[in-house]
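Single-letter residue listing:
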Amino acid sequence: MADEMSKDFDAVKELELCVLHVGINADGEEDALRIADEFHTLMAFIPRVGNSSIFASDLIEIMKKDGPGEKGHIAIGAHDVAKAAEFFEKRGMGLKKETAQYNEDGSLKFIYLDKMIAGFAIHLKQY
């Protein structure tokens, strides 16, 4: 078991995986603004309003409408999204191919995985 855990840790390190941000599902734009204001008031985060979401900070995205996942989503960063996707597929997670986005050179830059953890959808994003 320890050898397997060490191998997994090495793979995660090699892929340079990290959490880019956590997305929170709000009940509409007004609720998203209220949540962003809470982060601003309590933590001094400066919100950035976008079309479909508000970033309370670089690490917290608040979805204005129902976002993916029951509670929200977690963005996992990888330099090579295709290799990261392959790693997670080997661990039993499928890919939601309809969510795939590509760079101009054809390389994968974004995709959702097909399983949730604790009500959070997971997507891979190139950084």
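This text goes with the structure placed above it.
Below is a summary of the structure that appears in this document.

1. Notes on the environment of Ala 118
- By secondary structure assignment, the location of Ala 118 is in the loop between strand S7 (108-117) and strand S8 (120-126).
- In sequence terms Ala 118 and Gly 69 are 49 residues apart; their C-alpha atoms lie 9.2 Å from each other.

2. Looking at the pairing of strand S5 (residues 72-78)
- The buried fraction of S5 is high, at six of seven residues.
- Judged from the six bridges that link them, strand S1 (residues 18-25) and S5 form a sheet pairing that is antiparallel. The partner of Val 19 across the bridge, within S5, is Ile 76.
- Alignment of S5 against S8, held across seven bridges, turns out to be parallel. Each residue of the ladder has a partner; that of Ala 75, found in S8, is His 123.

3. Observations concerning helix H2 (residues 29-43)
- For H2, which comprises 15 residues, the first-to-last C-alpha distance of 21 Å matches the rise-based estimate of 21 Å (1.5 Å per residue) to within 8%.
- Those residues of H2 that fall on the buried side of the exposure criterion are Asp 31, Ala 32, Ile 35, Ala 36 and Phe 39. All buried residues of H2 lie within an arc of 140° about the axis, which places them on one face of the element. Projecting away from the buried face of H2 at angles above 90 degrees are the exposed residues Glu 30 and Thr 41.
- Residues of H2 that are buried sit in contact with S1, strand S3 (53-57) and strand S4 (60-63).
- Within two residues after H2, Ala 44 carries a phi angle of roughly 65°, on the positive side.

4. Section: the sheet that holds S8
- Spatially, the eight strands line up as an open sheet ordered S2-S3-S4-S1-S5-S8-S7-S6, and their pairing is mixed. Looking at strand neighbours, the two that pair on one side only are strand S2 (48-49) and strand S6 (95-102), the edges of this open sheet.
- Both S7 and S8 contribute to a ladder of five bridges, which runs antiparallel. Residue pairing for S8: Met 116 is matched across the bridge by Ala 121.
- Along the sheet, H2 makes contact with S1, S2, S3 and S4, crossing S4 at roughly 155°.

So, how was this worked out
Residues take numbers from 1 onward in each chain, read along the sequence in its written order. Local features in this predicted model are restricted to residues of pLDDT 70 or higher, and side-chain atom pairs are both shown and tallied only at a pLDDT of 80 or more, whereas totals for entire chains, interfaces and linings draw on every residue. Hydrogens are left out, water is left out, and the side-chain values use all remaining heavy atoms of the structure. Labels follow the DSSP assignment, with helices taken as runs of H or I lasting at least four residues and strands as runs of E lasting at least two, numbered in each case from the N terminus. Each residue is assigned to one of three classes by its accessible area relative to the maximum for its type, calculated with a 1.4 Å probe on protein chains only: buried under 20%, partly exposed between the two thresholds, exposed over 50%. The criterion for strand pairing is that DSSP finds at least two bridges linking the strands in question. The length a helix should cover is 1.5 Å for every residue beyond the first. Note that the arc is computed from the directions linking the helix axis to the C-beta atoms. Should any heavy atoms of two residues lie within 4.5 Å, those residues are considered in contact. The axes used here are C-alpha line fits, helices contributing only the stretch in contact, and every angle between their N-to-C directions lies in the interval 0 to 180 degrees.

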